[in-house]
Amino acid sequence: MKSHLNADLHCHSVFSDGTLMPEELALRAKANGVQLWALTDHDEVSGQSCASAAALAIGLDYLTGVEISVTFLGRTVHIVGLGFEADHPALCQGLQQTRCGRSRRALEMSDDLKRAGIAGAYEGALKYAGNLDLISRTHFARFMVETGVCQDTSEVFRKYLTPDKPGFVEHRWATIKDAVTWIREAGGVAVIAHPARYKFSANEEFALFSEFMGHGGLGVEVITGSHSHAEAVVYANLAMELGLAASCGSDFHSPTESRLDLGSLPGLPEKLTPVWTLLNDRILR
Ligand code: AMP
Ligand code: MN
Ligand code: MN
Ligand code: MN
């Protein structure tokens, strides 16, 4: 048996590295049958007022959202926050700090790509970044497709911009404790995004979940555009074992780049506690 609510609680707009406006995403979500939606831009909540207004105007229930970049055991992990107050000072200040390092990292990425024979990447990526504070690897990937270095963005992430490949620059983001605390203080629920993506060993993954739960993290993404069916089963079982609530989201970025469209996810397995049941009084209707 599947959960009957079509919830999509993870996607990106031009306020981070998506290609659509929040209003366009709201319409697309509604048209695709989504019943509960959250926009979760990377390290940024400036799109939240547009997203919630657009959703409510078309009768689509809404939860505030964000996807925070953190560093754990030397790797980048993403923590999704849901149902928080978007203007909460501690959260806004923390996100502002998190965004600060991006332009310097982008210049270093560009220098490294230049050494690999790819010139003008910083300026090229900047053209795609609607929000200059949020210049991301995705914007570099779009530039490299535009200039014919690669056929598509997934080829870019296979050959460039990832550890040990040209254009990758080590970066220290926030800590797990910071991200979970900012979300909690703002009244929201913290969720580990797409856990299968991190390729941690069993011990490292145990450490990640322990640290996250120790600081009051309550959820994990089980169904996501980044998980295969087998991976969803693994994390459904882990959610049960650890008593975590389960979340689901397409991680939609663009009509031409994303594997899954908004609203096209299978339902959460019925044995799980959907994360929105912890957020009943935070849903905007
Ligand atoms: P950043 O926050 O600048 O490190 O960029 C991370 C973003 O790059 C992610 O949110 C995805 O949108 C994109 N990304 C990372 N890895 C991949 C991949 N293997 N394939 C496609 N997009 C990816
Ligand atoms: Mn992204
Ligand atoms: Mn992510
Ligand atoms: Mn995402």
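The coordinates are above.
Described below are features of the structure shown in this document. (Residues numbered from 1 in each chain as written. Chains lettered and ligands numbered in written order. Predicted model: local features only at pLDDT ≥ 70, side-chain atom pairs only at ≥ 80, totals over all residues. Heavy atoms only, no water.)

Turning to the site of ligand 1, a few remarks are in order. In the vicinity of ligand 1, the residues found are Asp17, His42, Arg102, Arg105, Ser136, Arg137, Thr138, Phe157 and His253. Within the side chain of His42, an N or O atom sits 2.8 Å from an oxygen atom of ligand 1. Arg137 has a polar side-chain atom sitting 2.8 Å from an oxygen atom of ligand 1. Calculation on ligand 1 without its partners gives an accessible area of 500 Å², and the protein chains cover 78% of this total. Elements supplying a minimum of two residues to the shell around ligand 1: helix H4 (102–115) and helix H6 (137–146). Counted by class, the shell around ligand 1 contains 1 nonpolar, 4 polar and 4 charged residues. (Near = heavy atom within 4 Å. Polar contact = N/O pair within 3.5 Å; in protein donor to acceptor, adjacent residues only side chain to side chain. Areas by Shrake-Rupley, 256 points an atom, 1.4 Å probe, with all protein chains shown as cover. Helix = DSSP H or I, 4+ residues; strand = E, 2+ residues; numbered from the N terminus. Nonpolar A, V, L, I, M, F, W, Y, C, P; charged D, E, K, R; others polar.)

Let's shift gears to the packing of helix H1 (residues 22–31) against helix H2 (residues 48–57). In the contact formed by H1 and H2, the axes pass within 8 Å of each other and the chain directions differ by 35 degrees. Once H1 is placed against H2, the crossing between them reads as right-handed. On H2, the residues touching Pro22, Glu23 and Ala26 of H1 are Cys50, Ala51, Ala54 and Ala55. A breakdown of the residues in the contact of H1 with H2 according to their chemical character gives 6 nonpolar, no polar and 1 charged. (Axes fitted to C-alpha atoms, helices over the stretch in contact; angles between N-to-C directions. Left-handed = near helix turned anticlockwise from the far one by under 90°. Contact = heavy atoms within 4.5 Å.)

Donor atoms from the polypeptide that bind the manganese ion (ligand 3) are Glu67 (OE), His78 (ND1) and His194 (NE2), placed at 2.1 to 2.2 Å. Read in sequence order, the donor residues for the manganese ion (ligand 3) give the motif E-x10-H-x115-H. In this structure, the manganese ion (ligand 3) lies 5.7 Å from the manganese ion (ligand 2). Residue His78 is located in strand E5 (residues 75–82), and its partner His194 is located in the loop between strand E6 (189–192) and helix H9 (202–214); the two are separated by 116 residues in the primary sequence. By relative accessible area, which is 1% here, His194 ends up buried. (Donors = N, O, S within 2.8 Å, 3.2 Å for Na, K, Ca; no water. Buried < 20%, exposed > 50% of the residue type's maximum accessible area, 1.4 Å probe, protein only.)

With that settled, consider helix H8 (residues 176–185). Three or more residues of H8 are buried, namely Ile176, Ala179, Val180, Trp182 and Ile183. The buried side chains of H8 occupy one side of the element, clustering within an arc of 160 degrees when seen end-on. On its buried face, H8 is in contact with strand E4 (65–72), E5, helix H3 (89–100), E6 and H9. Just beyond H8, the residue with positive phi is Gly187, at close to 90 degrees. (Arc of directions from axis to C-beta.)

What follows is about the sheet that holds strand E3 (residues 61–62). Strand order in the open sheet formed by 3 strands is E1-E2-E3, and the pairing between neighbours is parallel. Of all the strands in the sheet, the pair left with one neighbour each is strand E1 (7–8) and E3. Note: strand E2 (residues 36–37) against E3, 2 bridges, orientation parallel. The residue bridging Trp37 from the neighbouring strand is Tyr62, located in E3. (Pairing = 2+ DSSP bridges.)

Geometric descriptors of this kind do not, in isolation, establish any biological role.
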